[in-house]
Amino acid sequence: MSKLKPGKSPGRDNIHPEFVIHQCTTTSGWLCAFYTSCYQRLKLPKTWRRASVIALPKPNKPAEDPKSYRPISLLCVPFKILERMIHSRIEPVVDSQLPREQAGFRRGRSTADQVTLLCQDIEDSFQNNEKAGVVYLDLTAAYDTVWHRGLHLKLLRTIPDRHMVKFIMETLSNRSFILQTSSGQCSRLRRLKNRVPQGSVLSPMLFNVYIHDLPDTVSRKYGYADDLAIMLSRPTWKAMEEGLNEDMGTLVAYLRRWRLQLSIGKSVAAAYHLSTREARRELESSQE
């Protein structure tokens, strides 16, 4: 409760953060007892399962295109407190099992670390007189395509407390949202089948669990949440391209198995070398 920030918008229950920040000791005790009851009975109030989504226009984008808007999901404040409680309890267990190449939403790790590491590895390839190839992978609506059954299986493999896993999956089930516009118009209630909720404190950690078992590759991996890059350096173009293509085939098969979609348009490949003669050379790919 102490981590709540005043001035934030409320969820569907219209409970503002200030209500909780300034509540008395008796109310805090009642709320803790209510959380305990929810956990023991594996039940949540219906209001906590509903989100209000506000569509904010992106700058310099055409207003008639739905992709020109950024959705902001507003969750109920008491539910966000409950999520923080769950997060603090499972974080030590989950973080110890995540791979080193995953830096997204983890203590002491950031995008700067991954960028620095990638740049250093590319420079090392120059020192070894090798050519480095990097493929930058982007997933389409990564959080929105998380398969609940697959996530349930991976949580059971990661968290030893089965009751906690059941409770986490209960917070993800039967969720819905209502889209609101700046003019006050509202859509009808929409049901969500798969995905982890946007705006949730737990969602980044749950996504990390969902992709923590990426297959081994010859290429080195650099990850930050749903952004992934692989790099391979070899003395010849042929050896480097063959290695990257083989690793890409392995990763694409993994993504298909777990129902994640690779964005072909946003995924790019780049070559790094010191040969001015081949400055415009592009990597050859065998992937469709």
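Before any of the text, the structure's been laid out above.
About the criteria used
- Residues numbered from 1 in each chain as written.
- Predicted model: local features only at pLDDT ≥ 70, side-chain atom pairs only at ≥ 80, totals over all residues.
- Heavy atoms only, no water.
- Pairing = 2+ DSSP bridges.
- Helix = DSSP H or I, 4+ residues; strand = E, 2+ residues; numbered from the N terminus.
- Axes fitted to C-alpha atoms, helices over the stretch in contact; angles between N-to-C directions.
- Contact = heavy atoms within 4.5 Å.
- Core = buried A, V, L, I, M, F, W, Y, C linked by side-chain atoms within 4.5 Å.
- Buried < 20%, exposed > 50% of the residue type's maximum accessible area, 1.4 Å probe, protein only.

(A) Up close: the sheet that holds strand S6 (residues 220-224). The antiparallel open sheet is built from 4 strands, whose spatial order is S6-S7-S3-S8. The strands lining the two open edges of the sheet, one partner per strand, are S6 and strand S8 (268-272). On average, each strand axis in the sheet is tilted by 20° relative to the strand beside it, whichever way the strands run. Bridging between strand S3 (residues 131-138) and S8 involves 5 bridges; their strand directions are antiparallel. Looking at S8, one finds that Gly133 is bridged to Ala271. Its contacts with the sheet place helix H4 (residues 111-127) against S3, S6, strand S7 (227-234) and S8, and it is angled at close to 160° to S6. Strands S3, S7 and S8 of the sheet are contacted by helix H8 (residues 237-257), whose axis makes an angle of about 150° with S7.

(B) Local environment of the nonpolar core. Formed by 45 residues in total, the largest nonpolar core has its most connected members in Ile90, Leu151 and Leu155. Of all the elements, helix H3 (residues 77-95) adds the most residues to this core, at 7 residues. With sequence-adjacent residues up to four places away left out, Leu155 is seen in contact with Val165, Ile168, Met169, Leu206 and Val209.

(C) How the structure looks around the sheet that holds strand S2 (residues 69-74). Strand order in the open sheet formed by 4 strands is S2-S1-S4-S5, with mixed pairing between adjacent strands. Each having just a single partner strand, S2 and strand S5 (190-192) make up the two edges of the open sheet. The sheet shows a mean angle of 35° between the axes of neighbouring strands, direction not considered. As judged from the 3 bridges shared by strand S4 (residues 175-180) and S5, these two strands associate in the antiparallel manner. Each residue of the ladder has a partner; that of Arg175, found in S5, is Leu192.

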